[in-house]
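Residue-level structure breakdown
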Amino acid sequence: MKRLQQFFNKHTIKQVLDIGTGSGDFVKILNDTFQGEASIIGVDPGEQWLKEARNNFPQNNIRFQCMSGEKLAFDDHTFDVVSIANALHHLQDTTTTLSEMKRVIKPGGWLIICEISDGELNEAQKNQQLLHHFKSFVDRLHGITHRETYTPDEIDAIIAQNRIDIQESFTHLKMKQPKFEEQILDEKYEQMKSLLEELQGRPEYEAKKDQLPLFKERLQKYGFQMAPQHVVIGQVENED
Ligand SMILES: C[S@@+](CC[C@H](N)C(=O)[O-])C[C@H]1O[C@@H](n2cnc3c(N)ncnc32)[C@H](O)[C@@H]1O
C-alpha cells in the first residue's frame, strides 16, 4: 500500500500489532511497509486462521497469538503501530477493542484502521458485496457477530467517537479492475453455493435460493472486484 509506505517512511517503527489478523493478509502489507524491519504480532481469536497465518509467514520477525481484540494481553504502551483490517465489522464490542488498541500504543504511536467499505460501488464490486452480505447473513444465523459493510462515513464516525485523531485517510483498491478469469468467478460462485447449502432445511433457504442463479448471471456479466477499502491512519487524541 503505497500511501502507508509514504506516510511511515519518515518514522522508525519497531513494534507492530495487527488485530483480527486472519491468515495474515494485512501482516504482509505491514511487513512490506516497514521493509521487514519491524517485529509484527498478529492476533485473532480463530485458531484455524492462525494455523494458516503461521504457514504463510515463517519469518522470525512475525508471530501470531490467539487473542480477541476486546482483551489484549500486552502491557500499556508496547507498540509503535496497532492496526485492524477488515475486522471492525466482526467485532462484538468496537469501543472496548479500540480502547484496548489505544492502551497498548506507545505515546505518539499510530493506529491503522483499514475496512472494506460500502458507498459508490461498480457492478463488479456489488458482486463482492452481495457475497459478503450473504456470508454475514449466514454467520448471524449461526450466532456469529458479522455486520454488513460500513460506509466510509460510518467508519470515520466510529473512529471519532473513540477519540482517535485522523491524520490521513485514503481509499485503497485491492483489485484495480473487475476480474473475469473463470477460476475466480467459479470460486466466488462456489462460495455463494456452499453458503446457501448451509441454509438447507431452514425457512431462509427458500427465501434465498433464487439468489444463486442471479449471482451467477451477474458474475458472468460484470465480473468480480473487491469493494474499496477505507484506510485511516490515526493517533490517540490528547485527553485535555
Ligand atoms: C475478514 S477477516 C480479516 C482478516 C485480515 N485482517 C484481512 O484483512 O484479510 C476478519 C477477522 O476478524 C477476526 N475476529 C472476529 N472477532 C474478533 C475479535 N473479537 N477480535 C479480534 N478479531 C476478531 C476473525 O476471526 C477474522 O479472522
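Residues numbered from 1 in each chain as written. Predicted model: local features only at pLDDT ≥ 70, side-chain atom pairs only at ≥ 80, totals over all residues. Heavy atoms only, no water.

Attention shifts here to the overall build of the protein chain. A tally of regular secondary structure across the protein chain gives nine helices and seven strands. Its C-alpha atoms give the protein chain a radius of gyration of 19 Å, within 12% of the compact-globule value 18 Å for 240 residues. Taking the principal axes of its C-alpha atoms as reference, the protein chain extends roughly 55 × 40 × 35 Å. Here the protein chain, with 240 residues, has 47% of them falling under the buried criterion. Long-range contacts, defined here as pairs at least 24 residues apart, represent 78% of the contacts in the protein chain between residues at least 6 apart. Each charge class in the protein chain was averaged separately, 28 positive and 38 negative side chains, and the resulting centres sit 3 Å apart. (Helix = DSSP H or I, 4+ residues; strand = E, 2+ residues; numbered from the N terminus. Rg over C-alpha atoms; globule rule 2.2 N^0.38 Å. Buried < 20%, exposed > 50% of the residue type's maximum accessible area, 1.4 Å probe, protein only. Contact = heavy atoms within 4.5 Å. Lys, Arg positive; Asp, Glu negative; His and termini not counted. Charge placed at Lys NZ, Arg CZ, Asp CG, Glu CD.)

Sheet faces and side chains relate simply in a regular strand, where the side chains alternate between the two faces. Of all six residues in strand β2 (residues 39–44), five are buried; the element is thus mostly enclosed. In this structure, strand β1 (residues 15–19) lies alongside β2, joined through five bridges in parallel fashion. The residue bridging Gln15 from the neighbouring strand is Ser39, located in β2. (Pairing = 2+ DSSP bridges.)

A rise of 1.5 Å per residue sets the reference length of helix α7 (residues 182–198), with its 17 residues, at 24 Å; its end C-alpha atoms lie 24 Å apart and thus fit the reference within 8%. For α7, the full list of buried residues reads Leu185, Lys188, Tyr189, Met192, Leu195 and Leu196. End-on, the buried residues of α7 take up no more than an arc of 120 degrees, which puts them together on one face. Those residues of α7 that are exposed and aimed more than 90 degrees away from the buried face are Glu182 and Gln183. (Expected span 1.5 Å × (residues − 1). Arc of directions from axis to C-beta.)

Another aspect to go through is the sheet that holds strand β3 (residues 62–66). Spatially, β3-β2-β1-β4-β5-β7-β6 is the arrangement adopted by the seven strands of the open sheet, whose pairing is mixed. The two strands at the open ends of the sheet, each matched to only one other strand, are β3 and β6 (164–172). The sheet shows a mean angle of 20 degrees between the axes of neighbouring strands, direction not considered. In this sheet, strand β7 (residues 229–236) lies alongside strand β5 (residues 105–116) in antiparallel orientation, the contact comprising six bridges. Pairing of Leu111 across the sheet is with Gly234, part of β7. (Axes fitted to C-alpha atoms, helices over the stretch in contact; angles between N-to-C directions.)

Alignment of β2 against β3, held across five bridges, turns out to be parallel. Pairing of Asp44 across the sheet is with Cys66, part of β3. Taken together, β2, helix α3 (residues 47–56) and β3 constitute a β-α-β crossover, and its handedness is right-handed. (Right-handed = clockwise from strand over helix to strand, strands pointing away.)

This paragraph deals with helix α9 (residues 211–222). The end-to-end C-alpha distance of α9, which contains twelve residues, comes to 16 Å, matching closely the 16 Å that a straight helix rising 1.5 Å per residue would cover. Among the residues making up α9, those that are buried are Leu212, Phe215 and Leu219. Buried residues of α9 fall within an arc of 55 degrees about the axis and therefore sit on the same side. The outward face of α9, more than 90 degrees from its buried face, is lined by the exposed residues Glu217, Gln220 and Lys221. Against α5 (123–141), α7 and α8 (203–208) lie the buried residues of α9. Gly223 occupies a position one or two residues after α9 and carries a positive phi of about 80 degrees.

By themselves, these figures tell us nothing about what the structure is for.
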